[in-house]
Amino acid sequence: MANSLPTEFDVIVMGTGLPESILAAACSRSGQRVLHLDSRSYYGGNWASFSFPGLLSWLKEHRQNSDTVEESPAAWQDMIHETEEAIPLCKKDETIQHAEVFCHASQGMDGNIEELDALQKNPSCVASSTLIKPLDSTSLSEETHSSHITSYEVPTQDTPKNNEEITDTAETSVKEEYCGYDTYKHTLSDGTKDEIKPVLENNSVPPKRKRIAYSQIVKEGRRFNIDLSSKLLYSQGLLIDLLIKSNVSRYAEFKNVTRILAFREGKVEQVPCSRADVFNSKELTMVEKRMLMKFLTFCLDYEQHPEEYQAFTQCSFSEYLKTKKLTPSLQHFILHSIAMMSESSCTTVDGLKATKNFLQCLGRFGNTPFLFPLYGQGEIPQCFCRMCAVFGGIYCLRHKVQCLVVDRESGRCKAIIDHLGQRINAKYFIVEDSYLSEETCSSVQYKQISRAVLITDQSVLKTDSDQQISILIVPPVEPGAHAVRIIELCSSTMTCMKDTYLVHLTCSSSKTAREDLESVVKKLFTPYSETEVDKEELPKPGLLWALYFNMRDSSGVSRSSYNGLPPNVYVCTGPDCGLGSEHAVKQAETLFHEIFPSEEFCPPPPNPEDIFFDGDEKPSEPLGTSNIVMAKLESSEGSKNLESSGKHLQN
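Notes on the structure follow. Computed from a predicted structure; not experimentally measured.

**Re the overall build of the chain**
- Within the chain one finds 15 helices and 25 strands.
- Every one of the 651 residues in the chain was classed for burial, and the buried ones make up 57%.
- Taking the intrachain contacts of the chain between residues at least 6 apart in sequence as the baseline, contacts between residues at least 24 apart amount to 76%.

And the structure:
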């Protein structure tokens, strides 16, 4: 494929992160010839999801990448004409720093087990490609204002092939360099025999604590889908609206986040956020329930009552809450679990706006405002890549671009030169920020995101059901510090193995990720050891495995900060620290309208009955005549399910 690429395109996109993938889909949908490249061996960039062995290989790759010395200039310089100049691109990814891994689980009884190096076997190991319909999953449809949700299974033939090789029998020897244990060996069997079975959520008896060894995590490593960037989807957010509008939602399935939690006075509590939750709560007194409902009702239309808050516009939201005669517990719930803001940085207007947004998202798909995609966030960029491919986009992974070719006279970029020495021309170029060289970014001041990924044996707040998806905000202890956002995923999200939880911690960086987040980890979890499991009950969940790393946040960088970029080269940024993906969607839409101001951004797909070859006339005969080209985007079974009345969402 790479040796026979066409040399003329309308748009070349470099990087397969969320904003680049949305842009590629939008450009392809509007009829542009799109070439979508990624120097990495997997889709998603820093938005990707990995299996457990894939994550270990990703860590190894980044460590080796940081030790690699850049090569001398290649022969591409001979391909630059006298009337042209080149802008070299970055040869290695420098967006991840300070990665540290800790294993607290015991080795296990399986002897020596080698890690399966999934990325070396097939580097495109992002998320499971064949979606298995869980009992309580949700699939977004056009009927979004109803409490009924259409749920169906995505046809296998429409699924990306990026993970096919990983389902084959494979034995690859890779020394485990992150856990501190001896070398391990594991054989990954055929995927058809290793089918994921959803767990029923109606357990009446809480599960007993089980011993979980590191060898078991390795053995079940393909059941994990670990996000590099931890986010949720607001049910009334821009990304959900775009997924529904463009019909990309048919490529993915979602689960509703079941709980909003709060951390107060050393304890984890569930926050009542809907009217039913408020009046069913045993944590609040009757007076507190009335006070909370009155304030939340005001927040829904606070713009209509400016006299209530205009005197406090210069104050922080926490100070404003104190004037509303709310109890300390209610102030804490509203500030940290509903508005999800910090005490120091949030103004009154920002807090009211965030609270209103939270409340408006309630009830669209469940009793919380958030959805989570099955198999991880890495599914979303792949869904838009699939849409781009459906409309003719060409994809190449492991395809590096050495430089941009710029015409000296016009100052516009006219081509790229790839690692094979091929020159490919285009009108517009979209580049992920990490592809730009240090010289181009010399004036840019980047922020950093501190991330931690934990595998634990129990939930931070145990209930009768072990299938809970929770979000928790831990307030900062010291003034000026950042709040830590925690998202806890259960096995029914298809992101971790049975009897474990996958926990993501995120905050803005002030130090290394471990220094920023380790204190919160110690508050909520106990390092796991085999001797402790024999005790009757542990006060905290057991921590089996932990990864800390810092990720670059380029979301606040303006185009003017980059040096010497041609006007037809557009830059997309990586993940930001926010909970949703609103910034990525806004950026993609803004850049699309800059490039194609008269085109609609990701319009709904055409009706197959309305698609004709050029030159054909609309027939007067019934459907089925030979001059009608049906665009079969999904199986007949999927179409039937899409048109059905839907199912009630099960939490």
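**Some remarks on the pairing of strand E14 (residues 401–407)**
- Across the seven residues of E14, six count as buried, placing the element largely inside the fold.
- Inspection of the sheet shows strand E4 (residues 84–88) paired to E14 by five bridges, in the antiparallel sense. Across the sheet, Ile 87 pairs through a bridge with Leu 404, a residue of E14.
- Two elements, E14 and strand E15 (residues 413–418), share five bridges in a ladder whose sense is antiparallel. Note that in E15 the partner of Val 405 across the bridge is Ala 415.
- What sits between the antiparallel neighbours E14 and E15 is a turn of five residues, in which Gly 411 has the positive phi angle 75°.

**Here's the deal with helix H5 (residues 238–245)**
- For H5, the set of buried residues is Leu 239, Ile 240, Leu 242, Leu 243 and Ile 244.
- Just beyond H5, the residue with positive phi is Asn 247, at close to 65°.

**A closer look at the pattern of salt bridges**
- Summed over the entire model, instances satisfying the criterion amount to 20 salt bridges.
- Across the pair Lys 427 and Asp 10 runs a salt bridge, and its minimum N-O distance is 3.5 Å. Note that Lys 427 is positioned in the loop between strand E16 (423–425) and strand E17 (428–432) and Asp 10 in the segment before strand E1 (11–14), a separation of 417 residues in sequence.
- Owing to a relative accessible area of 7%, Asp 10 belongs among the buried residues under this scheme.
- When salt bridges with common partners are traced through the structure, they connect Asp 38, Arg 40, Asp 93 and Glu 432 into a single cluster.

**A closer look at the pairing of strand E19 (residues 470–474)**
- Where burial is concerned, most of E19 is hidden: five out of the five residues are buried.
- Of the two faces of E19, the one holding Ser 470, Leu 472 and Val 474 and the one holding Ile 471 and Ile 473 are both buried throughout.
- Both strand E10 (residues 259–264) and E19 contribute to a ladder of four bridges, which runs parallel. When the sheet's bridge partners are listed, Arg 259 is paired in E19 with Ser 470.
- Two elements, E19 and strand E20 (residues 484–489), share five bridges in a ladder whose sense is antiparallel. Considered in E20, the bridge of Leu 472 is made with Ile 486.

**Some thoughts on helix H14 (residues 582–595)**
- If you check H14, its first and last C-alpha atoms are 20 Å apart, about what 14 residues at 1.5 Å a residue would give, namely 20 Å.
- Among all positions in H14, only Ala 584, Val 585, Gln 587, Ala 588, Leu 591, Phe 592 and Ile 595 are buried. Here the buried residues of H14 occupy an arc of 165° about the axis, which is enough to place them on one side.
- Taken together, the buried residues of H14 touch helix H1 (18–29), H5, E17 and strand E24 (569–572).

**Quick look at the packing of aromatic side chains**
- Using the criterion set out here, one finds 17 aromatic pairs in the structure.
- Plain terms: the ring middles of Phe 52 and Trp 545 are 5.0 Å apart, the flat faces sit at 75° to each other, and that makes the pair edge-to-face. Highlighted residues: Phe 52 in helix H2 (residues 52–67) and Trp 545 in strand E23 (residues 542–553), separated in sequence by 493 residues.
- Of the residues examined, Phe 52 reaches a relative accessible area of 0% and is grouped as buried.
- When its relative accessible area of 0% is taken as the criterion, Trp 545 is described as buried.
- For the ring pair Phe 102 and Tyr 548, a centre distance of 6.0 Å and an interplane angle of 75° mean the geometry is edge-to-face. You can see Phe 102 sitting in strand E5 (residues 96–103) and its partner Tyr 548 sitting in strand E23, a full 446 residues away along the chain.
- Lying across the ring of Phe 298, Lys 324 places its NZ or CZ 5.3 Å from the centre.

**Comments concerning the nonpolar core**
- If you look at the biggest cluster of nonpolar residues, it comprises 77 residues, and the most contacted ones within it are Phe 52, Phe 295, Phe 317, Phe 370 and Trp 545.
- Per-element accounting of this core gives the leading share, six residues, to helix H7 (residues 286–300).
- Phe 370 has contacts with Leu 232, Leu 233, Tyr 234, Lys 255, Asn 256, Val 257, Ile 260, Met 340, Phe 358, Ile 471 and Leu 579, leaving out every residue within four places of it along the chain.
- If you look at the next biggest cluster of nonpolar residues, it comprises 45 residues, including Leu 233, Tyr 395, Ile 430 and Ala 588.

**Brief notes about the sheet that holds E14**
- The four strands lie next to each other as E4-E14-E15-E16, forming an open sheet whose pairing is antiparallel. Since the sheet does not close on itself, it has two edges, and those belong to E4 and E16, each with one partner. The sheet shows a mean angle of 30° between the axes of neighbouring strands, taken without regard to direction.

**A closer look at the packing of H1 against H14**
- Viewed as axis vectors pointing N to C, H1 and H14 meet at an angle of 40°, and their least axial separation amounts to 9 Å. Regarding the angle of H1 to H14, the classification is oblique. Both H1 and H14 take part in a crossing whose hand is right-handed. Mapping the contact onto sequence places Leu 18, Pro 19, Ile 22, Leu 23, Ala 26 and Cys 27 in H1 and Ala 584, Val 585, Gln 587, Ala 588, Leu 591 and Phe 592 in H14.
- Residue composition of the contact of H1 with H14, grouped by class: 11 nonpolar, one polar and no charged.

**Quick notes on unusual backbone geometry**
- Phi at Glu 265 takes a positive value of approximately 55°, unusual for a residue other than glycine.
- Backbone geometry places Lys 325, a non-glycine residue, at a positive phi of 60°.
- Relative to the assigned elements, Lys 325 resides in the loop between helix H8 (317–322) and helix H9 (328–338).
- The exposure class assigned to Lys 325 is exposed, which follows from its relative accessible area of 71%.

**So, the sheet that holds E17**
- Pairing in this open sheet of five strands is parallel, and the strands run E13-E2-E1-E17-E24 from one edge to the other. Both outer strands of the open sheet, strand E13 (394–396) and E24, are each paired with one neighbouring strand and no more. Averaged over all adjacent pairs, the angle separating strand axes in this sheet is 15°, with direction ignored.
- Where H1 meets the sheet, it contacts E1, strand E2 (34–37), E13, E17 and E24, and its direction lies at approximately 160° from that of E2.
- Lying on the sheet, helix H11 (residues 379–390) is in contact with E2 and E13; it crosses E13 at an angle near 130°.

**Observations regarding the state of the cysteines**
- The full count for this structure, using the stated rule, is zero disulfides.
- Looking at Cys 507, it has no disulfide partner, and the nearest cysteine sulfur is the one in Cys 577, 6.6 Å off.
- Exposure remark for Cys 507: the relative accessible area of 4% places this residue in the buried category.

What counts and what doesn't
- Residues numbered from 1 in each chain as written.
- Predicted model: local features only at pLDDT ≥ 70, side-chain atom pairs only at ≥ 80, totals over all residues.
- Heavy atoms only, no water.
- Helix = DSSP H or I, 4+ residues; strand = E, 2+ residues; numbered from the N terminus.
- Buried < 20%, exposed > 50% of the residue type's maximum accessible area, 1.4 Å probe, protein only.
- Contact = heavy atoms within 4.5 Å.
- Pairing = 2+ DSSP bridges.
- Salt bridge = Lys/Arg side-chain N within 4 Å of Asp/Glu carboxyl O.
- Expected span 1.5 Å × (residues − 1).
- Arc of directions from axis to C-beta.
- Phe/Tyr/Trp six-rings, centres within 6.5 Å; stacked < 30°, edge-to-face > 60°.
- Lys NZ or Arg CZ within 6 Å of the ring centre and 35° of its normal.
- Core = buried A, V, L, I, M, F, W, Y, C linked by side-chain atoms within 4.5 Å.
- Axes fitted to C-alpha atoms, helices over the stretch in contact; angles between N-to-C directions.
- Parallel < 35°, antiparallel > 145°, perpendicular 65-115°, else oblique.
- Left-handed = near helix turned anticlockwise from the far one by under 90°.
- Nonpolar A, V, L, I, M, F, W, Y, C, P; charged D, E, K, R; others polar.
- Disulfide = S-S within 2.5 Å.

It is worth stressing that arrangement in space is one thing and function is another; only the former is reported here.
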